[in-house]
Amino acid sequence: SSSRDEALRDKRAQILSRGLPKRKPIEGVKQVVVLASGKGGVGKSTTAVNIALALAANDSTKEVGLLDTDIYGPSIPKMMNLRGNPEVTPKNLMRPLKNYGIACMSMGFLIEETAPVVWRGLMVMSAVEKLLRQVDWGQLDYLVIDMPPGTGDVQLSVSQNIPIAGAVIISTPQDVALLDARKGAEMFRKVHVPVLGLVQNMSVFQCPKCKHETHIFGADGVRHLAKTLGLDILGDIPLHVNIRETCDSGQPVVISQPESDA
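Cut-offs applied
Residues numbered from 1 in each chain as written. Predicted model: local features only at pLDDT ≥ 70, side-chain atom pairs only at ≥ 80, totals over all residues. Heavy atoms only, no water. Helix = DSSP H or I, 4+ residues; strand = E, 2+ residues; numbered from the N terminus. Buried < 20%, exposed > 50% of the residue type's maximum accessible area, 1.4 Å probe, protein only. Core = buried A, V, L, I, M, F, W, Y, C linked by side-chain atoms within 4.5 Å. Contact = heavy atoms within 4.5 Å. Axes fitted to C-alpha atoms, helices over the stretch in contact; angles between N-to-C directions. Left-handed = near helix turned anticlockwise from the far one by under 90°. Nonpolar A, V, L, I, M, F, W, Y, C, P; charged D, E, K, R; others polar. Pairing = 2+ DSSP bridges. Parallel < 35°, antiparallel > 145°, perpendicular 65-115°, else oblique.

A. Representation of unusual backbone geometry in the model. Even without a glycine there, the phi angle at N92 is positive, about 65 degrees. Counting through the fold element by element, N92 comes out in the loop between α3 (76–79) and β3 (97–99). Here Y100, not a glycine, exhibits a phi torsion of approximately 55 degrees, which is positive. Following the sequence through the fold, Y100 ends up in the loop between β3 and β4 (102–106). For Y100, a relative accessible area of 29% corresponds to the partly exposed category.

B. Structural context of the nonpolar core. Counting 66 residues, the largest nonpolar core has W137, V158 and F188 as its most contacted members. Among all residues touching V158, those that are not within four sequence positions of it are V34, T69, V128, L132, I145, M147 and I164.

C. View of the packing of helix α4 (residues 121–133) against helix α5 (residues 153–161). Contact pair α4 / α5: the axes reach a minimum separation of 10 Å and the direction vectors enclose 35 degrees. Crossing geometry of α4 relative to α5 is assigned as right-handed. For the pair α4 and α5, the contacting residues are V124, M125, V128, L132 and R133 in the first and D153, V154, S157, V158 and N161 in the second. Of the residues contributing to the contact of α4 with α5, the split by class is six nonpolar, two polar and two charged.

D. Molecular detail of the sheet that holds strand β5 (residues 140–146). The strand order across the open sheet built from eight strands is β3-β4-β2-β5-β1-β6-β7-β10, with neighbouring strands paired in mixed fashion. The strands lining the two open edges of the sheet, one partner per strand, are β3 and β10 (233–236). Mean inter-strand twist for the sheet, computed between neighbouring axes without regard to direction, equals 25 degrees. Where strand β2 (residues 64–68) meets β4, five bridges bridge the pair, whose relative direction is parallel. The partner of V64 across the bridge, within β4, is I102. Running over the sheet, helix α7 (residues 221–229) touches β6 (166–171), β7 (195–200) and β10 and is turned about 160 degrees from β7.

E. How the structure looks around the pairing of β2. The buried fraction of β2 amounts to five of the five residues, a majority that puts the element mostly inside the structure. Neither face of β2 is left uncovered, since the one carrying V64, L66 and D68 and the one carrying G65 and L67 both have all their residues buried. Of the strand pairs in this sheet, β2 and β5 are connected by five bridges, and their pairing is parallel. Residue pairing for β5: D68 is matched across the bridge by D146.

F. Broad picture of the packing of helix α6 (residues 175–190) against α7. Remark: α6 packs on α7, axes separated minimally by 11 Å, with the N-to-C direction vectors making an angle of 30 degrees. Here α6 is positioned roughly parallel relative to α7, judged by the angle of their axes. As for how α6 packs across α7, the hand of that crossing is right-handed. Mapping the contact onto sequence places L178, A181, R182, A185, E186 and R189 in α6 and G221, V222, L225, T228 and L229 in α7. Looking at the contact of α6 with α7 residue by residue, the class counts come to six nonpolar, two polar and three charged.

So far we have only geometry, and geometry alone does not tell us how the molecule works.
Put into structure tokens, the structure is as follows:
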């Protein structure tokens, strides 16, 4: 009976694996890291931008790219201070725009800044496929992918179509955000993408005048979640006006204030 059950499990796994797309590497890209969150508004894009800049700053020999797969709300163009349309190569591939040494691609380069993307799922998936397969990245050591919030079509498509070295989950310590962060971590486990760890963002606010610290979104919620999931905490980022202002002005804190606490 047990051997029959095992044979059935193997057969089921074979059938299921046939339905999944084969993961095909992005040409010229050695390692892909995805930045994800279960919920919007937790600072995922800000963190993705600063991680890409930090990877490049830590080793000047490494080439780093940044891909924005948030079709409905692309924010990388503003944060990286980039505008314009990408050039197209003779092979009909889009050339990424570049700033601070980082090659960037985003839906924001292909539409007007104020134009809403009013698309159904199939059109969104087609756009994601173009961003994954029709970009000439050259040779990259790292491609950082800024995912949209949630666990929907885009996240599954990216996770199942390209080999990913690891995922980083961003969350605030707030209980509502942690519920969705947990779902994000579990999604990556289901599609066999290693989760490198969690980043606790907006963890504490320090008054610039009296230096009193306030845990606006709660204290250590992400640390408790990481312990529950058996994952590492990769960073603990304060709620600081400099981090917000520098990204809004297109000069992220890692590049504009590298010696600051933030």
